[in-house]
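Single-letter residue listing:
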Amino acid sequence: NLDRLAITEREVAMNQDEMIEIKQLLEKEIHTIETERIVLDGLHCQLLIEDRQLEWNIDDDMNQNLSKLIGIIRGKAHTEGSL
């Protein structure tokens, strides 16, 4: 339903410790995981890392490193305003 469509984009400031953790995660393998699920209602998430774009619908579609990275970003966005 287009009446429930919402696009959220937020800019956040990371401190030095968060940037170190993010850089370490970016050096590891980050990818999505194919799942055998159909998502009827949920989020469509995108992350652009340099020339790579990752897309997923549910948290189970992320590998552990991507999940940690997104957790940091979502946590920071949540403290600076709802996400």
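In case you missed it, the structure is sitting above this.
Attention here is on the structure that accompanies the text. All residue numbers refer to position in the chain's written sequence, counted from 1. A pLDDT threshold of at least 70 governs which residues receive local features in this predicted model, and a stricter bar of 80 or more applies before side-chain atom pairs are shown or counted, although totals over entire chains, interfaces and linings include all residues. In computing side-chain values, all of the structure's heavy atoms are included and hydrogens and water are not.

Describing the overall build of the protein chain
Reasoning step 1: On a plain count of helices and strands, the protein chain comes out with two helices and two strands.
Reasoning step 2: Listing each helix as α and each strand as β along the protein chain from the N terminus yields α-β-β-α.
Reasoning step 3: Projected onto its principal axes, the C-alpha positions of the protein chain cover 40 × 30 × 20 Å.
Reasoning step 4: Only protein chains enter the accessibility calculation, which uses a 1.4 Å probe; a residue is then buried when its area is under 20% of its type maximum, exposed when over 50%, and partly exposed in between. Burial status across the protein chain gives 23% buried among its 83 residues.
Reasoning step 5: Taken as a whole, the protein chain presents about 6,900 Å² of accessible surface, with 46% of it coming from carbon and sulfur.
Reasoning step 6: The protein chain carries 9 positive and 18 negative side-chain charges, and their two centres are separated by 4 Å. Strands are runs of DSSP state E lasting at least two residues, helices are runs of H or I lasting at least four, and both sets are numbered from the N terminus onward. Only the protein chains shown count as covering a residue, and every accessible area follows the Shrake-Rupley method with a 1.4 Å probe. Counting rule for charge: Lys and Arg are taken as positive, Asp and Glu as negative, and neither His nor the chain ends is counted. By convention, the charge on Lys lies at NZ, on Arg at CZ, on Asp at CG and on Glu at CD.

Some points on the pairing of strand β2 (residues 52-56)
Reasoning step 1: Strand pairing is assigned whenever DSSP detects at least two bridges linking the two strands. Looking at chain direction, strand β1 (residues 45-49) and β2 are connected through five bridges and run antiparallel. Residue pairing across strands places C45 opposite W56, the latter belonging to β2.
Reasoning step 2: Taking the residues between adjacent antiparallel strands as the criterion, β1 and β2 are bridged by two residues, where E50 takes a positive phi near 55 degrees.

Points about the layout of surface pockets
Reasoning step 1: Lining residues are those with an atom within 4 Å of a point, where the points come from a 1 Å grid over the protein atoms alone and group into cavities, where a 1.4 Å probe fits but cannot get out, or pockets, open sets with protein on both sides within 12 Å along at least five of seven lines. Grid points are joined across faces, edges and corners, and a volume is the space filled by probe spheres set on the points. When its volume is computed, the second largest pocket comes out at roughly 160 Å³.
Reasoning step 2: Lining the second largest pocket are T32, I33, E34, T35, R37, V39, E55, W56, N57, I58 and D61.
Reasoning step 3: The residue makeup of the lining of the second largest pocket, split by class, is four nonpolar, three polar and four charged. Classes in brief: Ala, Val, Leu, Ile, Met, Phe, Trp, Tyr, Cys and Pro nonpolar; Asp, Glu, Lys and Arg charged; the others, Gly included, polar.

Details of the side chain of D61
Reasoning step 1: The residue D61 is located in the loop between β2 and α2 (64-79) in this model.
Reasoning step 2: Note on contacts: a residue pair qualifies if any of its non-hydrogen atoms lie within 4.5 Å across the two residues. Excluding residues within four positions of it along the chain, D61 makes contact with H31, T32, I33, T35 and W56.

Topic: the environment of A6
Reasoning step 1: Within the secondary structure layout, A6 lies in the segment before α1 (16-26).
Reasoning step 2: Remark: the alpha-carbon pair of A6 and L43, spanning 37 residues in sequence, is separated by 9.4 Å.

Remember that the coordinates give geometry; whether it matters functionally is a separate question.
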